[in-house]
Amino acid sequence: GYHDWRLPNIKELYSLILFDGTDVSACKGSCTATPFIDTRYFKFSYGAESAGERTIDAQYASSTRYIATTMNGVETMFGVNFADGRIKGYPINAMPGQSEGKQFFVLYVRGNPDYAINHFMDNGDGTLTDNATGLTWTQSDSAKGLNWQEALAYCENLTLAGLDDWHLPNAKELQSIVDYTRAPAITHSAAIDPLFKTSRIQAENKKTDYPFYWSSTTHADTSGNGAFAVYVAFGEALGYMNNAWIDVHGAGAQRSDPKSGSVSNYASGHGPQ
């Protein structure tokens, strides 16, 4: 009986993700997995291998476009993959050599036009409060790279503004502060409100960029192995493809990495992307 349905923006769509899911990225053929969405309420299916798809091909479209481009100039839309538990940038149009663009699943939404609009307040003490969520954030980041265990300890041991109950944000808390109107290639800033004091880094492509930030959320594989954790890219989400580092998923993507290990084991990143 309603006529005001719309394609959700990326924050609305991501609100449905559940991290008791298991990542099917490494599945070869059939495997037992749990989707990253509550199947008691939402219908879900993995990619149909009988139709030439991969198990992982269960990507859902959002209305949020990346203001820059990925894959060396491709117009891009952000989507959520409830098969592998990630936000990635996907091509809007057909890629070179393809006759048609990629197809996506869609869910529609209505109501609350103010959902996911941040309302930050500078508290003047090194903290920011988002009145949209009620969460208070440190205004500055750690200023140095940390592995996952170090990131947990950094937050647990932090005292700031007279407060000592800081914690590493979970995936949804962290993604709530992404500003999808920003991208390094266009705004020369991280994908976050400029009230935050964000470190600059030299990325793998030797260019000035902005960090990935850990969440406290574990990203499990189909065996239940919890060696990986979720992070959000506030700079370009680089990948090593065709012998070059390029932005493959866009600033604002959510992916995962090993919680610990030697950097030397990942000279070209964790996986092709």
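What counts, and at which threshold
Residues numbered from 1 in each chain as written. Predicted model: local features only at pLDDT ≥ 70, side-chain atom pairs only at ≥ 80, totals over all residues. Heavy atoms only, no water. Pairing = 2+ DSSP bridges. Helix = DSSP H or I, 4+ residues; strand = E, 2+ residues; numbered from the N terminus. Axes fitted to C-alpha atoms, helices over the stretch in contact; angles between N-to-C directions. Polar contact = N/O pair within 3.5 Å; in protein donor to acceptor, adjacent residues only side chain to side chain. Phe/Tyr/Trp six-rings, centres within 6.5 Å; stacked < 30°, edge-to-face > 60°. Buried < 20%, exposed > 50% of the residue type's maximum accessible area, 1.4 Å probe, protein only. Lys NZ or Arg CZ within 6 Å of the ring centre and 35° of its normal.

Colleague: Help me understand the sheet that holds strand E6 (residues 127–130) in this model?
Modeller: The strands making up a sheet associate through backbone hydrogen bonding, with each pair oriented either parallel or antiparallel. On the basis of which strands lie adjacent, the open sheet formed by 3 strands has the order E5-E6-E7 and antiparallel pairing. Every other strand in the sheet has two partners, leaving strand E5 (120–122) and strand E7 (135–138) as the edge strands with one partner each. Taking each pair of neighbouring strands and ignoring which way they run, the sheet shows an average axis angle of 30°. Of the strand pairs in this sheet, E5 and E6 are connected by 3 bridges, and their pairing is antiparallel. Along E6, the bridge assignment pairs aspartate 122 with leucine 128.

Colleague: For this particular structure, what's the right way to read the side chain of serine 199?
Modeller: Mapping serine 199 onto the fold places it in the loop between helix H4 (184–187) and strand E8 (201–202). At 2.7 Å, the side chain of serine 199 forms a polar contact with the side chain of aspartate 141.

Colleague: Mind showing me how you'd approach the packing of aromatic side chains here?
Modeller: Counted under the stated rule, the structure contains 12 aromatic pairs. Judged by centre distance (5.1 Å) and plane angle (65°), the rings of phenylalanine 78 and tyrosine 180 are edge-to-face. Highlighted residues: phenylalanine 78 in strand E3 (residues 76–81) and tyrosine 180 in the loop between helix H3 (171–175) and H4, separated in sequence by 102 residues. A residue is classified by how much of its surface remains accessible, and phenylalanine 78, at 0% relative accessible area, is buried. Using a relative accessible area of 9% as the deciding quantity, one classes tyrosine 180 as buried. Put simply, the rings of Tyr60, Phe82 and Phe105 touch in pairs and so form one group of aromatic residues. The ring of tyrosine 2 has arginine 110 lying over it, and the distance from NZ or CZ to the ring centre is 3.5 Å.

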